[in-house]
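Residue-level structure breakdown
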Amino acid sequence: MAAVWALTQLPKWDEQFDITVYQMGWRLGGKCASGRDEKNAWRILEHGLHVWGGFYENSFRMMRQAYDALPADTGATLPSLDYALTKLSTVILQEQIDGKTINWELNFPENDDVPGSGGVIPSVWEYVQLIIHALENGVSPHAGPAAATPLADQVRASASVEQKAGHVTLLQRLFPAHFANTQSPTLPPKLDAFHPLDILAAARHFAASLHAEPAQHLGSEHDDLLHLVEEGVRVFVEQKLGALEDRDLVRRARLVLDFSLATVRGILRDGVLLHGWEAVNDREWRDWLREHGASQSTIDSALVRGIYDYVFGFVKGVETDRALEAGTGTHGLLRLFFTYKGAMFWEMQAGMGDVVFAPLYRALIAKGVKFEFFQKATKLAVTDGAVAAIEMETQANAIVGCYQPLVVVNGVFSWPAHPRYDQLVEGEALRRGEINLESAWTPWKGTPHTLERGRDFDDVILGISLAALSDIAAEVSTANRGFATMLDRVKTVQTASMQLWLDADADRLGASLVRRSSTAGIEPVSTWSDMSFLLAREQWPPDYAPRFIAYFCGEFADAPVIPPYSDHEFPQRMLDAYRRGAIDWLKANTGTIWSRGTGPDGKSLDWALLHDPENRAGEARLDAQFLRVNIDPTERYVASFPDTSRFRLSPDTPVLANLYITGDWVKTAFNAGCVEAAIMAGLAAARAISGASIDIIGG
């Protein structure tokens, strides 16, 4: 969708391109599709829990353009992107301390910057300086005022003195008496006599004095800088931190300081400044942090676990087998913390399909882009280094004209959770059979047909997700070994989600009254969010409406053997397994998130709180909720496991003469499974296919 949008932004695009989007099933969005449940108050049903990072520059820019291109709809409740996405600035990390769950509430300051407005993304060297500045700011409220800043003043005066080979370093100039001691001439001095803020300010000034291009730095300069940072933190911990009475604050401060130091050490010592984040992508992130001094307490902390939850960093979805590229993980974390605009996170004020894909669809239809729904690609046929044909399956046919996919719910254009059966020749059969046209294991067989090069298409943009490509692109793999290697080395993860509607508000449940998301909880349902604001987007009867909505998500382990698609019962078995696991989790862990939402044991969910029009008893009330397992090849999450990004292919170059690739699985400047990576890839594919100069922020 991003590639198509970018092409339609070009001057006189329609004189150069005739664009058709072929979509399996009845809705756009893939892993990000959502639907409205017409049988249950048009409630929103998602693939999982989605939030946007405030650093999603390309994503916000594209969606702002799409909303601006829409007609002014009378009665529309999401008339612009400013209504569709709102700030979320409080996040909870769930710490497991001495057998108890303790909420670590993080409130990130908001700013007046507008996401999508562009600008320069920090370099790796600038990130180092940002970390040092953040350490200084973080220590400041707890260190007490510095009576004077003699060290920082000396650094300012001395740092401009150019270092040459064989000349003295900064620390040697500042502490000549120490280095004159023949017993320890190579050991840098301890700085206990200085205030920690003075030492960190000295580090900040020294970093600012160095050349903007790290290739011009000396190794001794990095050694001196790192020593100043380490000493500033050590002196604060030993002289100031222990005096604080808040034990939770002390523990968390130690974790953050330890984590930050390990990150700075790794960047300075492992060639990241010169070679980029790829320099350490062969290392697993936690191992890399450990190599650079992070304690086991830090490695096991909610601070680190929350990042793995954020990126579903679990091999084959197994909760005990965490994995993440060190470079990609560090880069993503620094983008998240240091480059967000407005707020760290932004929440969609309806379903993701409502907020993202319905506006894109409507704007592109108005521009003249064609959409063919119920079109399932089954094979890309390759001849002489190009896609010569695409074998397709028409899953269903419109009774009259073109299929009209959208419904309007409370003034919001939305995708229904099922096809609009009344428009389809096969509608009644699909309804009776409860056929899932998005499932690879569906028993439904459509009508095969073939798109031919020169008649139906010239060029192909392949946006189908990674795990499905081995099924349909075997001939592409044969023609391009790099493509085959990418499919083999870049991995995916199953995820699952649960949405609960409850007849109790946040106060009754004992949930936080401050809107936030929570992560680093007890696996595998480790992340959840209060989504009660979406009640206004659904159509519950006023006298019988839920009072609270909670979305949960997490990894979901692969089956020991994933069966062939002829095993049509496999999806239901996996959903049943997830349901059993969800019940077990809710019985054991509800008390860790809702202190008053449990039964007498203080652990298990009070099942009577679940909203159920059929008023079932006990665990059966879960049947009135929505559980989903994302096991299909098109729905699996694309992971950033160690030493995999280098095998991704760039969308800037066609894979075959007429085949362009896009998605969060290709190589961009941000190789992580997220909306921003997918949109950057789409922009790059559009740039490649058009030859136009299409801007990619941070690309």
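The rules we used
- Residues numbered from 1 in each chain as written.
- Predicted model: local features only at pLDDT ≥ 70, side-chain atom pairs only at ≥ 80, totals over all residues.
- Heavy atoms only, no water.
- Pairing = 2+ DSSP bridges.
- Helix = DSSP H or I, 4+ residues; strand = E, 2+ residues; numbered from the N terminus.
- Expected span 1.5 Å × (residues − 1).
- Buried < 20%, exposed > 50% of the residue type's maximum accessible area, 1.4 Å probe, protein only.
- Contact = heavy atoms within 4.5 Å.
- Axes fitted to C-alpha atoms, helices over the stretch in contact; angles between N-to-C directions.
- Core = buried A, V, L, I, M, F, W, Y, C linked by side-chain atoms within 4.5 Å.
- Parallel < 35°, antiparallel > 145°, perpendicular 65-115°, else oblique.
- Left-handed = near helix turned anticlockwise from the far one by under 90°.
- Lys, Arg positive; Asp, Glu negative; His and termini not counted.
- Salt bridge = Lys/Arg side-chain N within 4 Å of Asp/Glu carboxyl O.
- Polar contact = N/O pair within 3.5 Å; in protein donor to acceptor, adjacent residues only side chain to side chain.

1. Brief notes about the sheet that holds strand β5 (residues 85–88)
An order of β4-β8-β5 is seen for the three strands of this open sheet, with the pairing classed as antiparallel. Each of the sheet's edge strands pairs with one partner strand only, and the pair in question is β4 (52–53) and β5. Two strands pair when backbone bridges link them, and β4 and strand β8 (residues 345–348) are joined in this way by two bridges, in the antiparallel orientation. What sits directly across from W52, in β8, is W346.

2. Some details on helix α4 (residues 124–143)
The end-to-end C-alpha distance of α4, which contains 20 residues, comes to 28 Å, matching closely the 28 Å that a straight helix rising 1.5 Å per residue would cover. The set of residues buried in α4 consists of V124, W125, Y127, V128, I131, I132, L135, E136, V139 and A143. Of the surrounding elements, those touching the buried residues of α4 are α8 (196–209), α9 (219–239), α10 (247–269), α11 (272–275) and α15 (326–338). Taken from the residues just after α4, G144 is the one with a positive phi, measuring 80°.

3. Some details on the sheet that holds strand β14 (residues 447–452)
Strands sit in the order β10-β11-β14 across an open sheet of three strands; the sheet is antiparallel. Each edge of the sheet is formed by a strand with only one pairing partner; in this case those strands are β10 (375–383) and β14. With direction set aside, neighbouring strand axes in the sheet form an average angle of 25°. When β10 meets strand β11 (residues 386–394), the two strands line up antiparallel, connected through eight bridges. Within β11, the residue paired with Q375 across the bridge is T394.

4. Comments concerning the nonpolar core
Grouped together as the largest cluster of nonpolar side chains are 163 residues, with contacts concentrated most on W52 and W285. Examining the composition of this core, we find that 10 residues originate from one element, α10, more than from any other. The residues contacting W285, other than those within four sequence positions of it, are F259, V304, I307, Y308, L324, E325, A326, T330 and L333. In this structure, F570, A582, W585 and I631 belong to the second largest nonpolar core, which totals 34 residues.

5. Examining the environment of I472
Its place among the elements puts I472 in helix α18 (residues 469–472). Considered as a pair, I472 and E391 are 81 residues apart in the sequence and their alpha carbons are 9.0 Å apart. Beyond its immediate sequence surroundings of up to four residues, I472 is in contact with A377, T378, K379, L380 and I464.

6. Quick look at the packing of helix α5 (residues 150–158) against α8
Each pair of packed helices gets described by two things: the angle between the helix axes and the distance between those axes. α8 packs onto α5 with a crossing angle of 15° between their chain directions and a minimal axis gap of 7 Å. Judged by the inter-axis angle, α5 sits roughly parallel to α8. The two elements α5 and α8 cross, and the hand of that crossing is right-handed. Of the residues in α8, those in contact with P150, L151, A152, V155 and R156 of α5 are D198, I199, A201, A202, H205 and F206.

7. Focus: the side chain of E221
Assignment of secondary structure puts E221 in helix α9. An unpaired buried charge is present at E221: no salt bridge exists, and R173, the closest side chain of opposite charge, is 7.3 Å distant. Engagement of the side chain of E221 in a polar contact is seen with the backbone nitrogen of L218, the distance being 2.8 Å.

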